[in-house]
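# Residue-level structural notes
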4 protein chains.
Amino acid sequence: MQLGMIGLGRMGANIVRRLMRDGHDCVVYDVSADSIAALEGEGATGTPTLEEFVAKLEKPRVAWVMIPAGITGATVEKLSALLDEGDIIIDGGNSNYRDDVRRAAKLREKGIHYVDIGTSGGVFGLERGYCLMVGGDDSAIATIEPILKTIAPGAGEIERTPGRTGELAPEEQGYLHCGPSGAGHFVKMVHNGIEYGIMAAFAEGLNILDNADAGIRSAEHSAEVAPLEEPEYYQFNVDTPKVAELWRRGSVVSSWLLDLTAAALQANPTLDGLAGRVSDSGEGRWTVKAAIDIGVPVPVLAASLFERFASRGEDHFANQVLSAMRQQFGGHNELPAGDSLEAGSAKSDQVQAKKG
Amino acid sequence: MQLGMIGLGRMGANIVRRLMRDGHDCVVYDVSADSIAALEGEGATGTPTLEEFVAKLEKPRVAWVMIPAGITGATVEKLSALLDEGDIIIDGGNSNYRDDVRRAAKLREKGIHYVDIGTSGGVFGLERGYCLMVGGDDSAIATIEPILKTIAPGAGEIERTPGRTGELAPEEQGYLHCGPSGAGHFVKMVHNGIEYGIMAAFAEGLNILDNADAGIRSAEHSAEVAPLEEPEYYQFNVDTPKVAELWRRGSVVSSWLLDLTAAALQANPTLDGLAGRVSDSGEGRWTVKAAIDIGVPVPVLAASLFERFASRGEDHFANQVLSAMRQQFGGHNELPAGDSLEAGSAKSDQVQAKKG
Amino acid sequence: MQLGMIGLGRMGANIVRRLMRDGHDCVVYDVSADSIAALEGEGATGTPTLEEFVAKLEKPRVAWVMIPAGITGATVEKLSALLDEGDIIIDGGNSNYRDDVRRAAKLREKGIHYVDIGTSGGVFGLERGYCLMVGGDDSAIATIEPILKTIAPGAGEIERTPGRTGELAPEEQGYLHCGPSGAGHFVKMVHNGIEYGIMAAFAEGLNILDNADAGIRSAEHSAEVAPLEEPEYYQFNVDTPKVAELWRRGSVVSSWLLDLTAAALQANPTLDGLAGRVSDSGEGRWTVKAAIDIGVPVPVLAASLFERFASRGEDHFANQVLSAMRQQFGGHNELPAGDSLEAGSAKSDQVQAKKG
Amino acid sequence: MQLGMIGLGRMGANIVRRLMRDGHDCVVYDVSADSIAALEGEGATGTPTLEEFVAKLEKPRVAWVMIPAGITGATVEKLSALLDEGDIIIDGGNSNYRDDVRRAAKLREKGIHYVDIGTSGGVFGLERGYCLMVGGDDSAIATIEPILKTIAPGAGEIERTPGRTGELAPEEQGYLHCGPSGAGHFVKMVHNGIEYGIMAAFAEGLNILDNADAGIRSAEHSAEVAPLEEPEYYQFNVDTPKVAELWRRGSVVSSWLLDLTAAALQANPTLDGLAGRVSDSGEGRWTVKAAIDIGVPVPVLAASLFERFASRGEDHFANQVLSAMRQQFGGHNELPAGDSLEAGSAKSDQVQAKKG
């Protein structure tokens, strides 16, 4: 079938490529003429303006918007002014599901269908396919099902879940109609919240392994904050890249995120050059806020979010307050600020030595 | 080669089976005569006493102890009294790595090698193989490498990590010599700590999805603790079993634990009959304690551990203290204890209705 | 000066009493005629309708609204329709500061001043005074300063902070203009967030003390989840009520919340009859959500909030998911649900015995 | 009565001073001759060696050891070799209660009493008195009760807890026999664990207030990680020193730690010069480890501990792992490391401006 794509960044362009490979027709639009030209070269129909983009689409038009969340609203508004009753707008970006609920209600008045699709898969999606979490009304989703099937990974070689029989359900092919407008991005939001938690579990665990030699190092840094009590139990020079590789096979924690971690550590065993200032992109925040709204405890998901904030120094004033309190009641002065930097580089050197 | 196995529970018996399938000879011992008889029927050499067990092993003897951690110490002691210099004791159970460090030092005096192996794989290990994290001295581990190779999953169909070339390293086949005695169980301990965190991330996220209909339910329960502020955003009847299935394909959170979650929800969509009293088995606790010893922050791993404690009611007195404080300063009385049970069952009924 | 009070619940009535004691005139209104009559008996001017309430106030009118947050919006709207330019509406309840920002902007168009006051002090406020966190424009707050001074605790016998000299600042008397509309409730919100954290710190710590006899009890409950590893270190029958009392004197944790805890434990040493289902009232949730909005890590405040959710069973489905996963990968069955109840009552009996 | 004090640091010297003021005789010993001379000048009996120290004490001798936990064990051993049956050793330092349990058992064989005293009060103890948590056998504690009474704060002007009548109990005077050897330091340990939690609650809350102007600042830093969604709600320039002062009066969070926080912020409103590298001293770690041993959930206490670890950069490798994973699956690059430093100093400048 035919699909129009607005936004030809990495995600939008690769979805178009995946669709064209499977025989679908794609009309494309982007603010960058180069991006349009590139996909024209691969078989897409490029259009230089939103008006021409709409003109090239057959009714009922299906227009997928794949742009940063911050500008999605304005684009959907402009686009909807050009569309007719029965047309379908898909928001495949990282919108807040609350925006979907509002936008869908507004577009419904004009008879335009709004479909929100949470899309997971990252840079590997072109080859692996994208996991699609879809929200909207039944008729619109029935219309676009052929393109969902193509974009999704399909059943692949993944073992079938025991108890499932007969024809493959959509969720077994990697796409699912999760509910009314907003449900797609809601499920995607929670997905990313879980992702934060899993990532943090691996990161914290690997940090323990990376410091399992504390009993060897502690002798050298006698002025440490709290002396290591039983150094004899922390004498392990664990090769974390090898452990990450090992766990990929047969262990309970095997997962795609572990595959990626193993790849990252294989390429850069000491993760040199990474400052450890971890970004967060919205969904993790929205997940915790939604949990709070409905009274669901999410200590792990919240902790993983706060670790990211702290990694960027957002805990600074809180830590100053703690040091100030300690000075007040105990006369404790802070250790000189340079101390850990030295300890850190000494440690890095050791890591280099042991892993080089 | 030949291996002696002490302890023929699910794990020990299946390891023996996996070894015999691959042509190894196994001498077996257990306190249960039936367990011995069962494996004799499959080709193992059964022995009724520890003495005969030792007598049937060729030097250097290799004896794998696979019994509950609580009795491993006593058994290793008895066994070691019967062994000779150069023999090898393997502890494949869930021992605390600190016990390994102590035991290995003691056995070293007698010239006996002690190898600790953290074994992951659960009930699926017989077919999938077991991920093996190994600690001990080089010579002992060289001796037992043939059986490690057999017990481990091997390379399987898992995609090779980019940048790895040439012959498969041991970690790519599912076993790894992690360091001196204790290193195997140390790495396994951290593995389980990570496992707790990942499990909690999924559990919390699915709990949000399960309550995404709070805006529908809240109207019915007008006396709820804190009224839902924006019920219009929590109107989703999410089918969690389908979502779990969906995420197995192409999503960032795809993992073996998700596969199992999808299977559990497929078999029992509302998880009826589970009380939600979650056990913990030692490794999660040791992981957090080790992190504290070496000063590594593990908020996510700790939170996942504490959730399990709380699930068993171990937060009870703390919660009573909180209610008592609220009564004191605000004159707030607790809601009647039955309230949530009703709310709970009302909700369960709805879940039944929507998923039935 | 004159103040009008709408809402004569515990907080509103006591504020009126405190004002009248200090010579202020109070006009009062409530939906309950009895509440009005009670305060008339103490010297207030009762009014049966909002219209008469407004009629009895001298210009510029000052009307304090002290009613549940859920109905404050509607009441402010009705009230404002009866007021004139230059009049002042005070919201002294537990409103979300976001509502203040919106309401103030709307009222500003009509020339009505809106002042939000976060009020802390609970049932003790009548005698101790209320800590007042005030938001609004300078002129309105200058107008109402006399009543703020009366309602606030004043300097009292609290030691002056070193470095402060000269006349007492407002904050040293217990009230503070924190910023524009919303600032008062914002500061009060954070105050309550902190309160949750402090309460949880005490509750968790006392729970440890209450279980410091685990080594004595563990012998009796042999089938416990994870056996206590070193029972010799948990042989203490700590008398928690006495410890709470002790810490009130000279310790770093001395605080008003500790005073209340000591009082609660003195009155009911085992906290019998409390179900431990802890309510939360909005501010704790808003605090964490605000922190997330601005990227400030608040792991402690969030953990204290989530403990309350979990105390009410809102972690139930998550815990079921965890148990289901454990069944899948390890074949672990849950312990029978009754187990901990027995353990709990056995323990309660002991507590009774040791403290009776 | 007579007391011998070993260790004349700030704590030991001030306890001696407080005892002498109340008419007790003190024999003192320290490795520093200057420290001895200083207290001799105030009336104490100085002794240049441990032998003379012991010789100067009347039987049954009472020797208080007040030195760093790391060297307490060796000193107690040397001291006990010089003592006789019936003598009493007091450890008033910050020992791990587990060491008490072991030491007391060993000394009991020689008929020497061992009393562990957890001492809270910090630099203010000389004037305010020290809160004393005492462990040991009844007879030894009866012997030393006169000095406990003197060192403790006494009843002071603190309001009596409702329901308490008759003579003041020891806990109302600031000292308490908490149980057998180890119980004193156990209760002190938990006390410090709670202290960490309370401190963190204040620090996190004040950090929110300090960032309540995020909506003003965000306009200036357009390239921020996640754009602030509703800047209109974060327009408050909160004066945190004034708020800390305010809360001391009548609010639910009033406490000694708040008094100290107000003093710290009064002296240094922007906490300039503090690096925010927060030390931890052992008790916080031991508290969480004890809670884990006995299965008590302590998410708040643990989170407060981990914040301190992270404040010293111990989360670094974990954060690098997170960034590495994000690069792998999303092609996300880290923001340049300098970004937050600039943001930080820009912000500091603003803070300076608004508070100066």
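Bear in mind that the values here come from a model prediction, so they are computed numbers and not experimental data. (Residues numbered from 1 in each chain as written. Chains lettered and ligands numbered in written order. Predicted model: local features only at pLDDT ≥ 70, side-chain atom pairs only at ≥ 80, totals over all residues. Heavy atoms only, no water.)

## So, the domain arrangement of chain A
All names here are of chain A. For clarity, the cut-off: Either an automatic procedure or a domain database provided the assignment from which the domain bounds are taken. The contact rule is simple, with two residues in contact once any of their heavy atoms fall within 4.5 Å. Two parts placed together each lose some accessible area under a 1.4 Å probe, and the buried area is that loss summed for both.
What the domain assignment lists for chain A is domain 1 (2–157 + 169–180) and domain 2 (188–238 + 275–317 + 323–330). Each side of the interface is counted separately: domain 1 has nine residues, and domain 2 has six residues. Of the roughly 630 Å² buried between domain 1 and domain 2, counting both surfaces, carbon and sulfur atoms make up 59%. Among the residues of domain 1 in contact with domain 2, Asn 94, Asn 96 and Met 133 are the three that bury the most area, contributing 52% of the side total.

## Some words on the interface of chain C and chain D
Think of interface size as the accessible area that goes away when the parts come together; that is how it is often given. The criterion, for reference: Salt bridges are defined by distance alone: a side-chain nitrogen of Lys or Arg within 4 Å of a carboxyl oxygen of Asp or Glu. What counts as a helix is a DSSP run of H or I of at least four residues, what counts as a strand is a run of E of at least two, and both are numbered from the N terminus. We call Asp, Glu, Lys and Arg charged. Ala, Val, Leu, Ile, Met, Phe, Trp, Tyr, Cys and Pro are nonpolar, and the rest, Gly among them, are polar.
Listed as interface residues are 95 residues of chain C and, on the opposing side, 95 residues of chain D. Interface area, chain C with chain D, both sides summed: about 7900 Å², of which 69% is carbon and sulfur. On the surface where chain C and chain D come into contact, there are four salt bridges. The partner of Glu230(C) in a salt bridge is Arg98(D), with the nearest N and O atoms 2.7 Å apart. Counting residues per element, the side of chain C that touches chain D draws most heavily on helix α9 (residues 183–210) of chain C, at 18 residues. When its residues are assigned to classes, the side of chain C that touches chain D shows 52 nonpolar, 23 polar and 20 charged.

## Overview of the relation of the copies chain C and chain B
Condition: The fit set for superposing copies consists of C-alpha atoms from residues with pLDDT of at least 70 in both; the fit itself is least squares.
Under the fitted operation, chain C is carried onto chain B by 0.0 Å of movement along the axis and a turn of 180°, and the coordinates agree to an RMSD of 0.0 Å. In short, the pair behaves as if placed about a two-fold rotation axis. Mapped onto chain B, 100% of the interface residues of chain C again fall at the interface, so both copies present the same surface.

## Some thoughts on the pairing of strand β1 (residues 2–6) of chain D
Residues and elements named next belong to chain D. Formally: The rule is simple: take the accessible area with a 1.4 Å probe, protein chains only, and divide by the maximum for that residue type; under 20% is buried, over 50% is exposed, in between is partly exposed. Pairing between strands requires that DSSP locate at least two bridges from one strand to the other. Here, the term right-handed applies to a crossover whose path from the first strand over the helix to the second runs clockwise when the strands point away from the viewer.
Among the five residues of β1, five are classified as buried, and the element is accordingly described as predominantly covered. Going residue by residue along β1, you find Gln 2, Gly 4 and Ile 6 tucked away on one face and Leu 3 and Met 5 tucked away on the opposite face as well. Note that β1 and strand β2 (residues 25–29) share five bridges and pair parallel. Counterpart to Gln 2 in the pairing with β2 is Asp 25. The parallel pair β1 and β2 is bridged by helix α1 (residues 10–21), and the resulting crossover is right-handed. In terms of strand pairing, β1 meets strand β4 (residues 62–65) through three bridges, oriented parallel. Bridging from a neighbouring strand, Gly 4 pairs with Ala 63 of β4.

## Some words on the pairing of strand β5 (residues 88–91) of chain D
Note on strand geometry: in a regular strand, side chains alternate between the two faces of the sheet. Residues and elements named next belong to chain D. Neither face of β5 is exposed, since Ile 88 and Ile 90 on one face and Ile 89 and Asp 91 on the opposite face are all buried. Across four bridges, the pairing between β4 and β5 is parallel. Bridge pairing in β5 places Trp 64 opposite Ile 90. Handedness of the crossover joining β4 and β5 through helix α4 (residues 69–82): right-handed. Where β5 and strand β6 (residues 113–120) come together, four bridges link them in parallel fashion. Pairing of Ile 88 across the sheet is with His 113, part of β6. On the question of chirality, the crossover connecting β5 to the parallel β6 by way of helix α5 (residues 97–109) is right-handed.

## What to know about the environment of Ile6(B)
Residues and elements named next belong to chain B. Within the secondary structure, Ile 6 is located in strand β1 (residues 2–6). When the C-alpha positions of Ile 6 and Val 27 are compared, they lie 8.6 Å apart, and in sequence the two are 21 residues distant. Beyond its immediate stretch of four places on either side in the chain, Ile 6 contacts Tyr 29, Leu 50, Phe 53, Trp 64, Val 65, Met 66, Ile 67, Thr 75 and Leu 79.

## Looking at the pattern of salt bridges
A complete count under the given rule lists 83 salt bridges over all chains for this structure. Via salt bridges that share partners, Arg160(A), Arg164(A), Glu171(A), Glu172(A), Glu245(B), Arg248(B), Arg249(B) and Asp259(B) belong to a single interconnected network.

## Re the interface of chain C and chain B
Using the following cut-off: In protein, a polar contact means a hydrogen-donor-capable atom and an acceptor-capable atom, both N or O and within 3.5 Å, with residues adjacent in sequence counting only if both atoms are side-chain atoms; elsewhere, any N or O pair within 3.5 Å suffices.
Taken residue by residue, the interface counts 65 residues in chain C and 65 residues in chain B. Surface buried jointly by chain C and chain B totals about 5900 Å² across both partners, of which 60% is contributed by carbon and sulfur atoms. The largest share of the area that chain C buries against chain B comes from Arg277(C), Phe317(C) and Phe329(C), three residues that together contribute 13% of it. The tally of links between chain C and chain B comes to zero salt bridges. At the junction of chain C and chain B, the tally comes to eight residue pairs in polar contact (both at pLDDT 80 or more). Listing elements by their share of the side of chain C that touches chain B, those giving two or more residues are α9, α12 (256–267), α13 (283–294), α14 (299–311), α15 (316–330) and α16 (338–355) of chain C. At 15 residues, the largest contribution of residues to the side of chain C that touches chain B is made by α15(C). Looking at side-chain class alone, the side of chain C that touches chain B contains 30 nonpolar, 18 polar and 17 charged residues.

## Remarks on the state of the cysteines
Residue and element names in this part refer to chain D. Let me state the cut-off plainly: Criterion for a disulfide: a pair of cysteine sulfur atoms within 2.5 Å.
All chains considered together, the criterion is met by zero disulfides over all chains. Note on Cys 131: no disulfide assigned, nearest cysteine sulfur contributed by Cys 178 at a separation of 8.7 Å. On the basis of relative accessibility, which here comes to 0%, the residue Cys 131 falls in the buried class.

## Re the relation of the copies chain C and chain D
Expressed as a screw operation, the relation of chain C to chain D combines 0.0 Å of axial shift with a rotation of 180°, fitting to an RMSD of 0.0 Å. Residue by residue, 100% of the interface of chain C is reproduced at the interface of chain D, so both copies engage with the same surface.

## What about empty space enclosed by the protein?
Put simply, the rule is: In this analysis a 1.4 Å probe is tested at points of a 1 Å grid over the protein atoms alone, and where it fits but cannot get out there is a cavity; an open set with protein on both sides within 12 Å along at least five of seven lines is a pocket; lining residues have an atom within 4 Å of a point. Grid points are joined across faces, edges and corners, and a volume is the space filled by probe spheres set on the points.
Applying the stated criterion across every chain yields a total of six cavities of 30 Å³ or more. Counted as a void, the largest cavity has a volume near 240 Å³. Taken together, 21 residues make up the lining of the largest cavity; nearest its centre are Ala310(A), Pro299(C), Phe306(D), Glu307(D) and Ala310(D). A per-class count over the lining of the largest cavity returns 14 nonpolar, two polar and five charged.

## Some words on the sheet that holds strand β1 (residues 2–6) of chain A
All names here are of chain A. So the rule is basically this: Angles shown run from 0 to 180 degrees and are taken between the N-to-C directions of axes, each axis being a line fitted to C-alpha atoms and, for helices, limited to the stretch in contact.
With mixed pairing, the eight strands of this open sheet are ordered in space as β3-β2-β1-β4-β5-β6-β7-β8. At either end of the open sheet lies a strand with only one pairing partner, and these are β3 (45–46) and β8 (175–179). Strands β5 (88–91) and β6 (113–120) of the sheet are contacted by helix α5 (residues 97–109), whose axis makes an angle of about 155° with β6. Each of β1, β4 (62–65), β5, β6, β7 (131–135) and β8 is contacted by helix α7 (residues 138–151), which is oriented at about 30° to β6, the strand it contacts most.

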